[in-house]
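What follows is the residue order along each chain.
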Amino acid sequence: MGSTLPIIKANTKQINIDKMKYIAKNNKRSVAKELEMIVEKHIQDYESKHGEIQLENEHMQGRGGGNEITTPLSSTGGGGALE
């Protein structure tokens, strides 16, 4: 059963994908969970410096569904997968 969470995909170099796979495996996480942890940590760090981000749109607060930010995830532009 797949996740119902929104999806973020990004273009990056193959070396970054390979290194993220290595880090995720070392931390006994999937690449998706490793990236989710990184995003959450980045948001926490930002908010600790600049204050809590106040989102007015309900959809942006995570109560909406299905909103995706998508671009191919591969240094070759072919939509390479991280997992």
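J.: Explain unusual backbone geometry to me, please; I cannot follow it from the model alone.
T.: The bulk of non-glycine residues show a negative phi, and the bulk of peptide bonds are trans. Positive phi, normally seen in glycine, also occurs at K28, with a value near 55°. Its location among the elements puts K28 in the loop between α1 (14-26) and α2 (31-50).

J.: What exactly am I supposed to notice about α2 here?
T.: The terminal C-alpha atoms of α2, which comprises 20 residues, lie 28 Å apart, in line with the 28 Å expected from a rise of 1.5 Å per residue. Looking at the residues trailing α2, positive phi occurs at G51, about 90°.

J.: In this structure, what is going on with the pattern of salt bridges? I would like to understand it.
T.: When the charged atoms of two side chains with opposite charge come close together, those side chains can pair. Summed over the entire model, instances satisfying the criterion amount to three salt bridges. The partner of R29 in a salt bridge is E34, with the nearest N and O atoms 2.9 Å apart. Accessibility expressed as a relative area gives 34% for R29, which makes it partly exposed. Notably, a salt bridge pairs D45 with K41, separated by 3.0 Å at the nearest N-O pair. Here D45 pairs with K41, and both are found in helix α2, just four residues apart, close to one helical turn. Taking the relative accessible area as the measure of exposure, D45 reaches 31% and is therefore partly exposed.

J.: Where do I start with the side chain of E34 in this structure?
T.: Along the chain, the position of E34 falls in helix α2. When neighbours within four sequence positions are excluded, E34 is seen to be in contact with M20, I23, A24, N27 and R29.

J.: Before we go on, may I ask you to explain the packing of α1 against α2 in this structure?
T.: Between two packed helices, both the angle of their axes relative to each other and the distance between the axes serve to describe the pair. Where α1 meets α2, the axes come as close as 9 Å, and the angle between the chain directions of the two elements is 90°. The orientation of α1 relative to α2 falls into the category roughly perpendicular. Contacts between α1 and α2 involve M20, K21, I23 and A24 on the former and, on the latter, V31, E34, L35 and I38.

Criteria and thresholds
Residues numbered from 1 in each chain as written. Predicted model: local features only at pLDDT ≥ 70, side-chain atom pairs only at ≥ 80, totals over all residues. Heavy atoms only, no water. Helix = DSSP H or I, 4+ residues; strand = E, 2+ residues; numbered from the N terminus. Expected span 1.5 Å × (residues − 1). Salt bridge = Lys/Arg side-chain N within 4 Å of Asp/Glu carboxyl O. Buried < 20%, exposed > 50% of the residue type's maximum accessible area, 1.4 Å probe, protein only. Contact = heavy atoms within 4.5 Å. Axes fitted to C-alpha atoms, helices over the stretch in contact; angles between N-to-C directions. Parallel < 35°, antiparallel > 145°, perpendicular 65-115°, else oblique.

Everything listed here is a matter of coordinates, which is why it stays silent on function.
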